[in-house]
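# Chains, contacts and geometry: an overview
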6 protein chains.
Amino acid sequence: MDDRPISRFPVPALAHLPEDLRARILAVQEKAGFVPNVFLTLAHRPDEFRAFFAYHDALMEKEGGLSKAEREMIVVATSGANDCLYCVVAHGAILRIHAKNPRVADQVAVNHRKAEITPRQKAMLDFALKVAVDSASLDDADFEALRAQGFGDEDIWDIGAIAAFFGMSNRLANLTSMRPNDEFYLLGRLPRDKSRS
Amino acid sequence: MDDRPISRFPVPALAHLPEDLRARILAVQEKAGFVPNVFLTLAHRPDEFRAFFAYHDALMEKEGGLSKAEREMIVVATSGANDCLYCVVAHGAILRIHAKNPRVADQVAVNHRKAEITPRQKAMLDFALKVAVDSASLDDADFEALRAQGFGDEDIWDIGAIAAFFGMSNRLANLTSMRPNDEFYLLGRLPRDKSRS
Amino acid sequence: MDDRPISRFPVPALAHLPEDLRARILAVQEKAGFVPNVFLTLAHRPDEFRAFFAYHDALMEKEGGLSKAEREMIVVATSGANDCLYCVVAHGAILRIHAKNPRVADQVAVNHRKAEITPRQKAMLDFALKVAVDSASLDDADFEALRAQGFGDEDIWDIGAIAAFFGMSNRLANLTSMRPNDEFYLLGRLPRDKSRS
Amino acid sequence: MDDRPISRFPVPALAHLPEDLRARILAVQEKAGFVPNVFLTLAHRPDEFRAFFAYHDALMEKEGGLSKAEREMIVVATSGANDCLYCVVAHGAILRIHAKNPRVADQVAVNHRKAEITPRQKAMLDFALKVAVDSASLDDADFEALRAQGFGDEDIWDIGAIAAFFGMSNRLANLTSMRPNDEFYLLGRLPRDKSRS
Amino acid sequence: MDDRPISRFPVPALAHLPEDLRARILAVQEKAGFVPNVFLTLAHRPDEFRAFFAYHDALMEKEGGLSKAEREMIVVATSGANDCLYCVVAHGAILRIHAKNPRVADQVAVNHRKAEITPRQKAMLDFALKVAVDSASLDDADFEALRAQGFGDEDIWDIGAIAAFFGMSNRLANLTSMRPNDEFYLLGRLPRDKSRS
Amino acid sequence: MDDRPISRFPVPALAHLPEDLRARILAVQEKAGFVPNVFLTLAHRPDEFRAFFAYHDALMEKEGGLSKAEREMIVVATSGANDCLYCVVAHGAILRIHAKNPRVADQVAVNHRKAEITPRQKAMLDFALKVAVDSASLDDADFEALRAQGFGDEDIWDIGAIAAFFGMSNRLANLTSMRPNDEFYLLGRLPRDKSRS
């Protein structure tokens, strides 16, 4: 068991949280079986917690041209590029579950060029990684490469915005030394996990 | 006049926006005399708009150990490191106004080591820039350097979180090729602007 | 199942291999339950295969001041820095088994500063990573930092030589697009694996 | 007012300067209304002062295929890439005046891809920035890209030589911590400045 | 005469070496007229010495589509990129002898784009340098560029494996501060050296 | 013999040059026995030629705290960092002659940390290389490190200004693909060259 602190900063007790935060956290716990540490870490700042998860849900829970697995691929690939332990481990688990593939998260975290993904998904990650590591150089050719794979403008916004949002999230996790929950490391790696997705 | 598009993506007409977005935009226009393009660009996605400005306000409008000018310094310095035109120009204007200094924004955008700032502010920007460009390498020594300048834990969270939030904002602006309003370029550069702060 | 090719280059049939290579491969299969793809990929060049594994064994199977888990930590951390999928996945499995810790491989692959390791191990990985990514800048201070943690000269050679050897190995795996065996992804992640070490 | 020293090194009194330096400085003061600090900083070394301004004038005051505004664009873009405060601020002013555009200097200093410039000027700055940050990689394709925009060999020499000369100038300004004169920050930003060009 | 230590680590006396190492060293001395310091440095670890030279010979002494001069070009170019003094100086000498060209080693060590080599050799070095400095980004287009110059798969393996092997060798030399023998600096620079190849 | 063009740009015939350029070139030829190609390449632009060599002489021919060998060390080390073939080869020759050491140029071009130089010279090159590759980060600690080795302010200006000037020179040589004269490769490598210094 990893018994290091969850965060460099104070972590509030559930009982002391505003009602809406506590409700959200209990709902997550009900669904996942544990409370991911990002909720406890960010609860130190309730207003930022609310904005963070509102933004997260707007990008990750919506319908659209990208599947849930594809959204998580973007998270894992860009978090790997930003060397963010929490996000690679936690979203790696979610990616394995949505993709029903126990290997793909480790693959895109290390090198998406060697991953079991489609050419369309590789183009998507090429763009997302450029947003993550060199957004100032984005130009028309980058947008054309996505359109050539059938992505529309709304998809492109999603790809770029998810990469941008986790650019923030990765920095917050590195700032707080946010510790991944032990549960994430194994989630989605065993056949029985398939029933979770 | 810069008459290029405000954004690579569609920009909705004010009349078609949800009421809360329109109200926020009209309030900004009332105060500033124009509508900063970030509001129009992000209005393409109302839910993301709401989360973005809720987060922004939670970090930038709060009380705390950092002055308003110092918060804006973090924005301008990290936006310079990320080569984000919109944020350098728009927040440069806000920084000039709050700092009552017509030069400091250009200075921290180019090289904070050569800026008219205090050693405490230089340490603050050193930390913010590490969050912006190499957050994975943050370690205890970086936190000690801030504490040695009198920053408390809540200040450090603020510094890091502002750098992280604008890490996202810079990437969104580069993704959308967000155009700075002409007004920002001159704001805070003339003596009469002092009355605005 | 990942059914992509094992290597960009031809992979010889076991029956066509020189006797010593076949014997080595069968011995590994006997012990591990499968043939790691690095053996099949490098068998394309028998002389290089022999030299590679002789070197590997000289560094990784020897006695000395570094535990087996520590040697594998060096492999996983430097392979992460070199974005080498095969080595992160395969040696991640071996590290989990030797360290009897199902999390530590993912941790050092992404960011050793956030890993459940001792300060001595952190210093070891700092040095190994400098060998991996900026060996020309090694100077006396780097050696002093290891000696301050109790490492002797033979340990330092081991740390540096393992980082150097996997600098080669990572490049060979990236050259050949060497595919990690499916088995590695899960090895050492479950309690029952503890009996393997 | 920025009342920090002009330079880390001694700044000679005008009265003690060799006659030719004093004459040059007085002529500049007559024209600009103030003495740009680069003249005072470099006057510490009269022979280097003479060579520096002879070189500067040979590149910047000549006739040729590049307009004065285009020459200054090269200076501002490469000085931005080199994080040189003095050159961004001082040549930003000159660029605004020559281009009769109060925004373009801030734009090319931060990110020329987002600037109000022509495709020809963008190609010019792409080349200049490659000279500034990675000149060893220049190859035929870079020259072809300029020729495709109608630049002749003499223009290409000019573009490359200006980028090279300010590569030196930026390093001298960073070495000496050369302080931009307060006047530069506002020059060319107001309508009445149009009469100056 | 450079009288600094050969290595940061102990260098064994010839008399104390295992017979096979001593034989190899004496054979080299017989042929070259001196003992290159890499033999003495690595002799500190006899098993690693044996594996290192077995690997070296498998890659550098074999027949195949690459000439001896071309193999050494790869060594010198990648060692230059890795800032490895021993390898640039020692293999620079061997390259001059095999290429019968007293200039080409200095050229490829500094910048292969400016070297007296064929377009085919430039493509070979482009690929080798990508293996050396960014192997994770290798993709199909890199292989196609070599095939377009007539390289077959076995040649490509050779190019990549030599770059990978010297990736290790450069790191070992930087780790040990391996000193180049004085003799190497001049070898192959004079007309009479032509008779050596 | 390297019979490639001297420069990508036109090289004027000696007979067509202005008298002062021709005189300078003939004087160099008289002294060196050949005309270094930098003179012919830059003669394409007489005014720039004059300024370039006036600047060069002001920095390299002056008296002061740095020996001629030390000045050339700065040139060779920074030219190595900038991958400039002409400057490494031509100034490497001059360094060998002044230092009366046939090895030191190759050493500082590849890695000054491994060169036969004094700790004072290593500090000098550390500073020069920071000017060459990251001048924006120069701060007080860099100046203190030089003062701790006994360098005065005039020496520091010299070190920084030489690094800056060759920052320009390297870029001009890379722009023009300036070819080193064959003679430079061997100069200063043989005992008899000692008489030249």
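Shown above is the structure to which this text applies.
These lines cover the structure that appears in this document, whether it is placed above or below. (Residues numbered from 1 in each chain as written. Chains lettered and ligands numbered in written order. Predicted model: local features only at pLDDT ≥ 70, side-chain atom pairs only at ≥ 80, totals over all residues. Heavy atoms only, no water.)

### As for the overall build of chain A
When helices and strands are counted, chain A shows 10 helices and 0 strands. Sequence-ordered secondary structure for chain A, helices as α and strands as β, is α-α-α-α-α-α-α-α-α-α. Relative to the globule expectation of 16 Å for 197 residues, the C-alpha radius of gyration of chain A, 17 Å, shows essentially globular dimensions. With the principal axes as the frame, chain A shows a C-alpha extent of 50 × 40 × 30 Å. Every one of the 197 residues in chain A was classed for burial, and the buried ones make up 61%. (Helix = DSSP H or I, 4+ residues; strand = E, 2+ residues; numbered from the N terminus. Rg over C-alpha atoms; globule rule 2.2 N^0.38 Å. Buried < 20%, exposed > 50% of the residue type's maximum accessible area, 1.4 Å probe, protein only.)

### A word on the interface of chain B and chain A
The interface is formed by 42 residues belonging to chain B together with 42 residues belonging to chain A. Both sides together, the interface formed by chain B and chain A hides about 3,800 Å², and carbon and sulfur atoms give 64% of it. For chain B, the biggest contributors to the area lost against chain A are Tyr55, Trp157 and Arg171 of chain B; these three give 23% of the whole. Linking chain B with chain A are 6 salt bridges, by the criterion used here. Taking the shortest distance from any N to any O, the salt bridge between Arg8 of chain A and Asp140 of chain B comes out at 3.0 Å. Counting only elements with at least two residues in the side of chain B that touches chain A, the list comes to helix H2 (37-42), helix H3 (46-60), helix H7 (119-134), helix H8 (140-147) and helix H9 (153-176) of chain B. Residue contributions to the side of chain B that touches chain A peak at 16 residues, all from H9 of chain B. (Contact = heavy atoms within 4.5 Å. Buried area = accessible area lost by both parts, 1.4 Å probe. Salt bridge = Lys/Arg side-chain N within 4 Å of Asp/Glu carboxyl O.)

### Quick word on the interface of chain C and chain A
Accessible area lost upon the coming together of the parts is a frequently used measure of interface size. Contacts between the two partners involve 24 residues from chain C and, on the opposite side, 24 residues from chain A. Connecting chain C to chain A are 4 salt bridges. The tally of links from chain C across to chain A stands at 10 residue pairs in polar contact (both at pLDDT 80 or more). For the side of chain C that touches chain A, the secondary-structure elements that each account for two or more residues are helix H5 (85-99), helix H6 (104-110) and helix H10 (182-186) of chain C. Tallied by class, the residues present in the side of chain C that touches chain A amount to 11 nonpolar, 4 polar and 9 charged. (Polar contact = N/O pair within 3.5 Å; in protein donor to acceptor, adjacent residues only side chain to side chain. Nonpolar A, V, L, I, M, F, W, Y, C, P; charged D, E, K, R; others polar.)

### Some points on the relation of the copies chain B and chain A
With an RMSD of 0.0 Å, the fit of chain B onto chain A corresponds to turning through 180 degrees and sliding 0.0 Å along the axis. Such a combination of turn and shift is consistent with a two-fold rotation axis. The share of interface residues of chain B whose copies in chain A are also at the interface is 100%, consistent with both copies meeting through the same surface. (Least-squares fit on C-alpha atoms with pLDDT ≥ 70 in both.)

### With respect to the packing of aromatic side chains
This model, assessed by the stated rule, comprises 72 aromatic pairs over all chains. Ring plane angle 85 degrees and centroid distance 5.4 Å describe the contact between Phe127 of chain C and Phe143 of chain C, whose orientation is recorded as edge-to-face. Of this pair, Phe127 of chain C sits in helix H7 (residues 119-134) while Phe143 of chain C sits in helix H8 (residues 140-147); the two residues are 16 residues apart in sequence, bridging distant segments of the chain. By relative accessible area, Phe127 of chain C is classed as buried at 4%. Here Phe165 of chain F and Phe166 of chain F contribute two aromatic rings whose centre-to-centre distance is 5.2 Å and whose plane-to-plane angle is 80 degrees, an arrangement assigned as edge-to-face. For the cation-ring pair, Arg8 of chain B lies above Phe143 of chain A, with the distance from its terminal atom to the ring centre recorded as 3.9 Å. (Phe/Tyr/Trp six-rings, centres within 6.5 Å; stacked < 30°, edge-to-face > 60°. Lys NZ or Arg CZ within 6 Å of the ring centre and 35° of its normal.)

### As for the environment of Ala148 of chain B
Tracing the sequence through the fold places Ala148 of chain B in the loop between H8 and H9. Judged by relative accessible area, which is 68%, Ala148 of chain B ranks as exposed.

### As for the relation of the copies chain C and chain A
When chain C is fitted to chain A, the residual RMSD is 0.0 Å, and the transformation amounts to a turn of 180 degrees plus an axial shift of 0.0 Å. Taken together, the interface assignments show that 100% of the residues at the interface of chain C recur at the interface of chain A, consistent with an identical surface on both copies.

### Examining the pattern of salt bridges
Summed over the entire model, instances satisfying the criterion amount to 120 salt bridges over all chains. A salt bridge links Arg71 of chain D to Asp158 of chain D, with the nearest nitrogen and oxygen atoms 3.4 Å apart. Placement of the pair is Arg71 of chain D in helix H4 (residues 68-81) and Asp158 of chain D in helix H9 (residues 153-176), with a sequence separation of 87 residues. You'll find Arg71 of chain D and Asp158 of chain D in the same group, each marked buried. Put simply, Lys122 of chain F and Asp126 of chain F hold a salt bridge, and the shortest N to O gap is 3.2 Å. Placement of both Lys122 of chain F and Asp126 of chain F in helix H7 (residues 119-134) is noted, with a separation of 4 residues, approximately one turn of the helix. Given the relative accessible area of 27%, Lys122 of chain F is considered partly exposed. A relative accessible area of 34% places Asp126 of chain F in the partly exposed class. Salt bridges sharing common partners tie together Arg45 and Glu48 of chain A together with Lys62, Arg71, Glu154 and Asp158 of chain B.

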